[in-house]
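# Summary of structural features
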Amino acid sequence: MASQPGTPRADSALTRKGAQTRQKIVVAAAGLILQQGVAGTTLEEVRAEAGVSSSQIYHYFADKEALIRAVVDYRAQTLVGETHEPMLAAIQGIDGLRAWRDTIVSITDDAGCQGGCPLGSLGSELAELDHVARHDVAAGFSRWETAIRACLHGMRDRGQLVPAADPDQLATAMLAALEGGLLLAQIERNTRPLATALDVMISLTESLAPQAQQHDDPAR
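Residues numbered from 1 in each chain as written. Predicted model: local features only at pLDDT ≥ 70, side-chain atom pairs only at ≥ 80, totals over all residues. Heavy atoms only, no water.

What the protein chain contains, in helices and strands, is 10 helices and 0 strands. In terms of its C-alpha atoms, the protein chain occupies a principal-axis envelope of roughly 75 × 35 × 30 Å. For the protein chain, the proportion of its 220 residues judged to be buried stands at 43%. The contacts in the protein chain between residues at least 6 apart in sequence include a share of 72% that link residues at least 24 apart. For the protein chain, the distance from the average position of its 19 positive side-chain charges to the average position of its 27 negative side-chain charges is 6 Å. (Helix = DSSP H or I, 4+ residues; strand = E, 2+ residues; numbered from the N terminus. Buried < 20%, exposed > 50% of the residue type's maximum accessible area, 1.4 Å probe, protein only. Contact = heavy atoms within 4.5 Å. Lys, Arg positive; Asp, Glu negative; His and termini not counted. Charge placed at Lys NZ, Arg CZ, Asp CG, Glu CD.)

Have a look at this one:
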């Protein structure tokens, strides 16, 4: 959609009321996009959902593409920054990973397995359409992977994983299992694939604990 006259304000230049209005527009757009996809969501629908005027939307966003990028940032912050980063930072061992897994499965089950991963869904739709937005989605996933990696590095540093364990590879595989599991759960409307994918990765991580290594070594 073409831009309208006027230059959208940067977040730092907004008044408190302006910031609240902008956030209301972004949240409304995020909800509609999760249900209908990017292509299926119009600015007119966002305007009606947010209860604002068209001029207000164009006051904060130059065009639909700018709004979509704001939605990507919002999803990355709420999904990763406010949910997964704090949970992963608090994990102290395998039991904590299992609790994290249980929370993800429970949230997915409560949603009826609909929508998949809000960030992943955006990435799938935008990857070949908007390269700037694709990079933003990739940054969100990188942030998520970094949080998982830090959790696993912490476990290795505390001696809960053998020195040869590679937290970087484990984090990439864990995130891939999570995203693939969410997609299959969405398609099948069943949390089983998600639970199984995470269980396999957590079991692999647990097998790298020193105790497991010693137990499996017949020479000890």
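In this section: the state of the cysteines. The tally for this structure, following the rule as stated, stands at 0 disulfides. Free cysteine cysteine 151: the closest other cysteine sulfur is in cysteine 117, separated by 18 Å. The class of cysteine 151 is buried, set by a relative accessible area of 5%. (Disulfide = S-S within 2.5 Å.)

On to the packing of aromatic side chains, then. As enumerated under the stated definition, the model contains 1 aromatic pair in all. With centroids separated by 6.2 Å and ring planes inclined at 0 degrees, the aromatic side chains of phenylalanine 141 and tryptophan 144 adopt a geometry described as stacked. With phenylalanine 141 and tryptophan 144 both in helix 7 (residues 131–157) and 3 residues apart, the pair spans about one turn of that helix. Side by side, phenylalanine 141 and tryptophan 144 carry an identical accessibility label, which is buried. (Phe/Tyr/Trp six-rings, centres within 6.5 Å; stacked < 30°, edge-to-face > 60°.)

What follows covers the pattern of salt bridges. Taken as a whole, this structure holds 10 salt bridges when the rule is applied. The partner of arginine 149 in a salt bridge is aspartate 168, and the shortest N-O contact between them spans 3.1 Å. Of this pair, arginine 149 sits in helix 7 while aspartate 168 sits in helix 8 (residues 167–188), placing them 19 residues apart in sequence. Note on arginine 149: relative accessible area 23%, which makes it partly exposed. Of the residues examined, aspartate 168 reaches a relative accessible area of 35% and is grouped as partly exposed. Between arginine 192 and glutamate 188 there is a salt bridge, with the nearest N and O atoms lying 3.4 Å from each other. You can call glutamate 188 partly exposed: its relative accessible area is 38%. Salt bridges sharing common partners tie together Asp95, Arg98 and Glu206. (Salt bridge = Lys/Arg side-chain N within 4 Å of Asp/Glu carboxyl O.)

Moving on, we come to the nonpolar core. Counting 62 residues, the largest nonpolar core has Ile25, Leu97, Trp100, Trp144, Ile148 and Leu178 as the members making the most contacts within it. Discounting residues that sit within four places of it in the chain, leucine 97 has contacts with Ile91, Cys151, Leu152, Met155, Ile202 and Thr205. (Core = buried A, V, L, I, M, F, W, Y, C linked by side-chain atoms within 4.5 Å.)

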